[in-house]
Amino acid sequence: MLAEERISNSDELEFAVFCIESIAEKLGKNATDIYNALTEKSNILNSYIVPEYEALHTQSREYIVNDILEVMKERGHHFPL
């Protein structure tokens with residue numbers, strides 16, 4: 001498991017927002033609910049998205065969304081929103 005990291009610059013912040021909004025759109029959910037799922041319910045934001053920013057941000061939107069959803073599934077977290 002990756003170490004927890006906090007957002008440290010505007011590029012990472014913009015990417016985090018992009019991920020949240022993209023997942024919300026794909027699932028037809030509210031971005032606030034997705035944010036809560038990625039932070040309060042699973043900590044995927046700081047334990048996966050931010051640490052993997054360098055690799056993830058070079059991928060397509062579809063790849064990023066599917067990858068994050070797969071990580072959620074692997075870690076036993078789902079979006080029952």
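Here is what the cut-offs are and how they apply
Residues numbered from 1 in each chain as written. Predicted model: local features only at pLDDT ≥ 70, side-chain atom pairs only at ≥ 80, totals over all residues. Heavy atoms only, no water. Helix = DSSP H or I, 4+ residues; strand = E, 2+ residues; numbered from the N terminus. Buried < 20%, exposed > 50% of the residue type's maximum accessible area, 1.4 Å probe, protein only. Lys, Arg positive; Asp, Glu negative; His and termini not counted. Salt bridge = Lys/Arg side-chain N within 4 Å of Asp/Glu carboxyl O. Contact = heavy atoms within 4.5 Å. Axes fitted to C-alpha atoms, helices over the stretch in contact; angles between N-to-C directions. Parallel < 35°, antiparallel > 145°, perpendicular 65-115°, else oblique. Nonpolar A, V, L, I, M, F, W, Y, C, P; charged D, E, K, R; others polar. Expected span 1.5 Å × (residues − 1).

1. Considerations on the side chain of D67
Consideration 1: Inspection of the secondary structure puts D67 in helix α5 (residues 61-74).
Consideration 2: Buried and without a salt bridge, D67 has R75 as its closest oppositely charged side chain, separated by 9.2 Å.
Consideration 3: In this structure, D67 is in contact with Y48 and L56, ignoring residues within four places of it in sequence.

2. Topic: the packing of helix α1 (residues 10-27) against α5
Consideration 1: Between α1 and α5, whose axes approach to 10 Å, the crossing angle comes to 80°. What the angle tells us is that α1 and α5 run roughly perpendicular. Each of F15, F18, C19, S22, I23, E25, K26 and L27 in α1 lies in contact with α5, whose residues at this interface are R61, I64, V65, N66, I68 and L69.
Consideration 2: Classifying every residue of the contact of α1 with α5 by side-chain character gives 9 nonpolar, 2 polar and 3 charged.

3. Focus: α5
Consideration 1: Between its terminal C-alpha atoms α5 stretches 20 Å, which fits the 20 Å expected from 14 residues at 1.5 Å a residue.
Consideration 2: What α5 keeps buried is the set I64, V65, D67, I68, L69, V71 and M72.
Consideration 3: Considering only its buried residues, α5 is in contact with α1, α2 (31-39), α3 (44-49) and α4 (53-56).

4. Remarks on the pattern of salt bridges
Consideration 1: The full count for this structure, using the stated rule, is 1 salt bridge.
Consideration 2: Across the salt bridge formed by E25 and R61, the nearest N and O atoms sit 2.9 Å from each other. With E25 in helix α1 and R61 in helix α5, the pair connects residues that are 36 residues apart, well separated along the chain.
Consideration 3: Under the relative-accessibility criterion, E25 is labelled exposed at 57%.
Consideration 4: Taking relative accessible area as the criterion, R61 reaches 37% and is therefore assigned partly exposed.

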